[in-house]
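Observations on chain architecture
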Amino acid sequence: MINAVSEARPAPAVASTAAASATEATPFAFITRGWREVRDSAGADLRLMRARANNFKNLATSIDRELENFLHSASSSFSVPVVQSPPPPELDFVKRLQPKLSEFRRAYSSPDFSQRVLQKWNPPSKIRIDLSAIKNAFVSEVEDNARLVDWERRFRSWDWKGDKEEGEKEWEPIRKLKTQLKEFERKSSSSEIFRNFEKLKTSLKSMYKEPQESKDVPPLDVPELLAYWVKQSGPLLGLRQDICDKIVEALCSKQRDQLVWRSLSSGETSIHENDNLNDELDFRIASVLRSTGHCYEGGFWSDSKHDFTNEKRHVAIVTTASLPWMTGTAVNPLFRAAYLSKSAKQKVTLLVPWLCKSDQEVVYPNNLTFSSPQEQEAYIREWLEERVGFKTEFKIAFYPGKFSKARRSIIPAGDTTQFISSSEADIAILEEPEHLNWYHHGKRWTDKFNHVVGVVHTNYLEYIKREKNGALQAFLVKHINNWVTRAYCHKVLRLSAATQNLPKSVICNVHGVNPKFLWVGEKVAAEREQGQQVFSKGAYFLGKMVWAKGYRELIDLLGKHKKDLEGFKLDVYGNGEDSHEVKSTARKLELNLNFLKGRDHADDALHSYKVFINPSVSDVLCTATAEALAMGKFVVCADHPSNDFFRAFPNCLTYKTSDEFVAKVKKAMSSEPQPLTPEQRHNLSWEAATQRFMEYSELEKFLNGTTESSKSSEQTSSYKKKIVKSISWPSLNEVINGGIAFTHYCLTGNEILRLSTGAIPGTRDYDKQHCKDLHLLPPVVQNPVYGW
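Now for a quick tour of the structure. All of these numbers come straight from a predicted model, not from anything done at the bench.

What counts as what
- Residues numbered from 1 in each chain as written.
- Predicted model: local features only at pLDDT ≥ 70, side-chain atom pairs only at ≥ 80, totals over all residues.
- Heavy atoms only, no water.
- Helix = DSSP H or I, 4+ residues; strand = E, 2+ residues; numbered from the N terminus.
- Contact = heavy atoms within 4.5 Å.
- Areas by Shrake-Rupley, 256 points an atom, 1.4 Å probe, with all protein chains shown as cover.
- Pairing = 2+ DSSP bridges.
- Axes fitted to C-alpha atoms, helices over the stretch in contact; angles between N-to-C directions.
- Phe/Tyr/Trp six-rings, centres within 6.5 Å; stacked < 30°, edge-to-face > 60°.
- Buried < 20%, exposed > 50% of the residue type's maximum accessible area, 1.4 Å probe, protein only.
- Lys NZ or Arg CZ within 6 Å of the ring centre and 35° of its normal.
- Parallel < 35°, antiparallel > 145°, perpendicular 65-115°, else oblique.
- Nonpolar A, V, L, I, M, F, W, Y, C, P; charged D, E, K, R; others polar.
- Right-handed = clockwise from strand over helix to strand, strands pointing away.
- Expected span 1.5 Å × (residues − 1).
- Arc of directions from axis to C-beta.
- Polar contact = N/O pair within 3.5 Å; in protein donor to acceptor, adjacent residues only side chain to side chain.
- Left-handed = near helix turned anticlockwise from the far one by under 90°.
- Salt bridge = Lys/Arg side-chain N within 4 Å of Asp/Glu carboxyl O.

What to know about the overall build of the protein chain
Helix and strand counts for the protein chain come out as 33 helices and 14 strands. Put simply, of all contacts in the protein chain between residues at least 6 apart along the chain, 73% involve residues at least 24 apart. A total accessible area of about 42,600 Å² is found for the protein chain, and carbon and sulfur atoms account for 53% of it.

Printed below as a string of structure tokens:
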């Protein structure tokens, strides 16, 4: 019977063929067809279960009939004998078995047994999540069928072989009975049904968890609610952080003693030691919400992220330039990747832009081009390992980019986040976060990565002010930079105070110098100790030949004090877009400047210069200045926030006025620089820069999992760590940042708005040449739009 029912299951699918063909041509035929198949399959399963239940009843009836025939024949056989003799053992066994089998038969042949089973398996017409009712139903079902399970266990434990003497044949009725019972045992699926019931009951119990914390937590009062609203609304209302803290303290001062510890058990450590009312208020809110049973597992705007708890952490460094373009955003991120990868705590990936050959010919010096990303990667590694002196272990990846002649920089094309896989999306370091996100139309960095750190390299406002309508452009760019860094970064590092003040930012120099410059400085110091003359040349200036790189300030100072610096000669090394104008202006003013082709600062021809002149005030932290100091030279630079880090070095001579500039130049030309101490050399190194980066970016704490406040006790921190997820609404800062990110996404998706703000045409997505060079699928294939 079971086989017959099983073979009949495909019938609904055959019957539905005609109906399927009727809807096959409709646009949503696949939805209708999928629902019909699910419905037919469920119906077939229910019919199969009913057939099996009926089969149980038929088997029980058949067994009962066999027993009655057997007992009837047995009684007629043993009632005739004249001599009373003890009944055979088989008869006693059957008599003992009869009441048990009768009870077993009544349980299985009960008319409502199959109905009770099918009612539990039949899918309800409406889903209700009443865990207590389901639990009680299963408990009652188990109690009703406890005897049935017990009889089944006894049947399995009986020894059906019997005690027969050797050579004695088995009695035919007993053999038939044993055969029927074995067949029944084989076909019966009652044990499978009850196992399924037990599994379902266990899963439902696991879903229902009683809250561990006490629910006797007093509700929030009006001052606490008002304090929390002020705390979250401070940025929106324009209130400073210190003012918000004072308001919160005034509102919560009376309730301070009743805040958090009422929700803690009496055996836990008190947290009165923590004087931070903001933390106590957050903990109080979380305690109240936890007592209501709410559980909050993520941010309002955030998606689920890969869990790196039991894996090696991964750091992705994303930058806006790459070698052989010798610019700060190409060199410094490269060294950062090399020195971060030396640690065994994390894996490192450096993500750099890939330019098509037409852009390479414009950007890269000496007509150097690459036909494939692998060729450029080999060049980058060879250049780097020659300077750091060790084998680099980090990964280099490429994203599509296009060069903007108007902005003189590389703009990402498409969604840059997609070039870091989700399995590696842990920590992101955005070198120039504002630049990377001006026209970013893709996934939000903080949604994909667990921790996002931005490193600000360039003072864009200073460059923009020098352009036409610069004041208006600078005003707009200033606010755009604020928005994108606030929406896309958890932490922002500013190399110096010369950059604009950005949200979530701290000031710290996290750059070092190429080790080769420190080796040159050590060599110079050793030669000077031996009495050799190491500086045979005077002064020089090195930098990309654009007006904003300090050439305007240099020509103005030399032109104003041409008489005071009579006989002073300056060699200038550089190439750039403004080279023709710079040279023509110097010739008109008859300045004693010797223009030479641009060179790497580590070139041997530059080692013998004694003084480096750098009057630039547009730099954030001039790499060339640090390199000159590392080589033991004098540096004459402006008294500017970009040079604050270099003031501690005795060979750094700063000036405030043009007259001081003349005095410092004369002093440097007439004296010898002091050799660097070991501590000063270490402060200039990338080892020290990496230590500063790990500290100020909170990356070390993040990697070690020690982001909890050190003021709290261990028990309090542990309790807070468990209860922090109970907050069932996001902070207002998260809502504002998410709203900014969503607005930015919508605006950057409009091509007209992109072009009106200076974007390169076609940079919302990468083009066919990028697909060919990087072996990418076309954007339409990777991000299809259905229904259009």
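With respect to the sheet that holds strand 13 (residues 634–638)
Pairing within the open sheet is parallel, and its six strands lie in the order 11-10-9-12-13-14. Of all strands in the sheet, those with a lone pairing partner are strand 11 (593–596) and strand 14 (652–655), marking the two edges. Between one strand axis and the next, the sheet turns through 25° on average, direction left out of account. Relative to strand 12 (residues 609–614), strand 9 (residues 537–542) runs parallel, the two being bridged by three bridges. By the bridge assignment for strand 12, Tyr540 is matched with Phe612. Of the strands in this sheet, strand 9, strand 10 (570–573), strand 11, strand 12 and strand 14 touch helix 22 (residues 551–560), which is tilted by about 165° from strand 10.

Structural notes on the packing of aromatic side chains
Any pair of aromatic rings gets described here by the distance separating the centres and the angle formed by the planes. Scanning the entire structure with this criterion turns up 19 aromatic pairs. Ring geometry for Phe541 versus Phe612: centroids 6.3 Å apart, planes at 25°, classification stacked. Taken together, the positions of Phe541 in strand 9 and Phe612 in strand 12 put the pair 71 residues apart, joining distant regions of the chain. This pair shows no difference in class: Phe541 is buried, exactly as Phe612 is. The interplanar angle of 55° and the centroid separation of 6.2 Å between the aromatic rings of Phe645 and Phe649 together place this pair among those described as tilted. A relative accessible area of 26% places Phe645 in the partly exposed class. In this structure Phe649 comes out as buried when scored by relative accessible area, which is 4%. Chaining the aromatic ring pairs together yields one cluster made of Tyr540, Phe541, Tyr551, Tyr573, Tyr609 and Phe612. When the ring centre of Phe693 is taken as origin, the NZ or CZ atom of Arg336, which lies over that ring, is 5.1 Å away. Over the ring of Phe394 we find Arg381, and its NZ or CZ is 5.1 Å from the ring centre.

Some details on the packing of helix 14 (residues 328–340) against helix 27 (residues 686–696)
Contact pair helix 14 / helix 27: the axes reach a minimum separation of 10 Å and the direction vectors enclose 85°. Taken as axis vectors, helix 14 and helix 27 run roughly perpendicular relative to one another. Judged by residue contacts, Asn332, Phe335, Arg336, Tyr339 and Leu340 of helix 14 engage Trp686, Glu687, Thr690, Phe693 and Met694 from helix 27. Residue classes in the contact of helix 14 with helix 27 are distributed as six nonpolar, two polar and two charged.

Thoughts on the pairing of strand 1 (residues 313–318)
Of all six residues in strand 1, six are buried; the element is thus mostly enclosed. Burial along strand 1 is two-sided: the face carrying Arg313, Val315 and Ile317 and the face carrying His314, Ala316 and Val318 are both buried. Each parallel crossover has a hand, and the one from strand 1 via helix 14 to strand 2 (residues 346–354) is right-handed. One ladder, built from four bridges, connects strand 1 with strand 5 (residues 427–431); its direction is parallel. Along strand 5, the bridge assignment pairs Ala316 with Ala428.

So, helix 25 (residues 658–670)
Across its 13 residues, helix 25 extends 19 Å between first and last C-alpha, which sits within 8% of the 18 Å expected from 1.5 Å per residue. Regarding helix 25, the residues found buried are Ser658, Phe661, Val662, Val665 and Ala668. All buried residues of helix 25 fall inside an arc of 135° around its axis, so they share one side. For helix 25, the exposed residues set more than 90 degrees away from the buried face come down to Asp659 and Ser670. Among the structural elements, helix 22, strand 12, strand 13 and strand 14 are those in contact with the buried residues of helix 25.

Considering the environment of Ser658
Within the secondary structure, Ser658 sits in helix 25. Along the sequence, Ser658 and Ala638 sit 20 residues apart, while their C-alpha atoms lie 9.6 Å from each other. Not counting the four nearest positions on each side in its chain, Ser658 is found in contact with Leu557, Lys560 and His561. Of note is the side chain of Ser658, whose polar atom sits 2.9 Å from the side chain of His561.

Details of unusual backbone geometry
Here the residue pair Leu323 and Pro324 is connected by a cis peptide bond, since its omega of 15° sits within 30 degrees of zero. Within the secondary structure, Pro324 is located in the loop between strand 1 and helix 14. Positive phi values are uncommon outside glycine, yet Glu590 reaches one of about 55°. Here Glu590 is to be found in the loop between helix 23 (579–588) and strand 11. If you check the backbone angles, Glu698 has positive phi at about 60° while not being a glycine. Mapped onto the secondary structure, Glu698 falls in the loop between helix 27 and helix 28 (699–704). For Glu698, a relative accessible area of 36% translates into the label partly exposed.

Observations concerning the environment of Leu699
Along the chain, Leu699 falls in helix 28. On the basis of relative accessible area, Leu699 is assigned to the buried category, the value being 1%. Taking C-alpha positions, Leu699 is 9.6 Å from Val452, a pair spaced 247 residues apart along the chain. Among all residues touching Leu699, those that are not within four sequence positions of it are Ile427, His451, Phe693 and Met694.

Some remarks on helix 23
Residue pairs three or four apart in sequence face the same way in an α-helix, which turns once every 3.6 residues. Of the residues making up helix 23, those classed as buried are Ser579, Val582, Ser584 and Ala586. Packed against the buried residues of helix 23 are helix 22 and strand 11.

A few points about the packing of helix 14 against helix 16 (residues 373–388)
Where helix 14 contacts helix 16, the two axes come as close as 11 Å, and the packing angle between them is 70°. In terms of axis orientation, helix 14 runs roughly perpendicular to helix 16. Every pair of crossing elements has a handedness; the one defined by helix 14 and helix 16 is right-handed. Contacts between helix 14 and helix 16 involve Val331, Leu334, Phe335, Ala338 and Tyr339 from the first element and Ile380, Trp383, Leu384, Arg387 and Val388 from the second.

Concerning the pattern of salt bridges
Any two side chains of opposite charge can pair, given that their charged atoms come close. The tally for this structure, following the rule as stated, stands at 17 salt bridges. The residue Lys491 makes a salt bridge to Glu698 at a minimum N-O spacing of 3.7 Å. Of the two residues, Lys491 is situated in strand 7 (residues 491–494) and Glu698 in the loop between helix 27 and helix 28; the sequence distance between them amounts to 207 residues. Taking relative accessible area as the criterion, Lys491 reaches 16% and is therefore assigned buried. In the salt-bridge network here, residues are joined through shared partners; they are Asp639, Asp644, Arg647 and Lys656.

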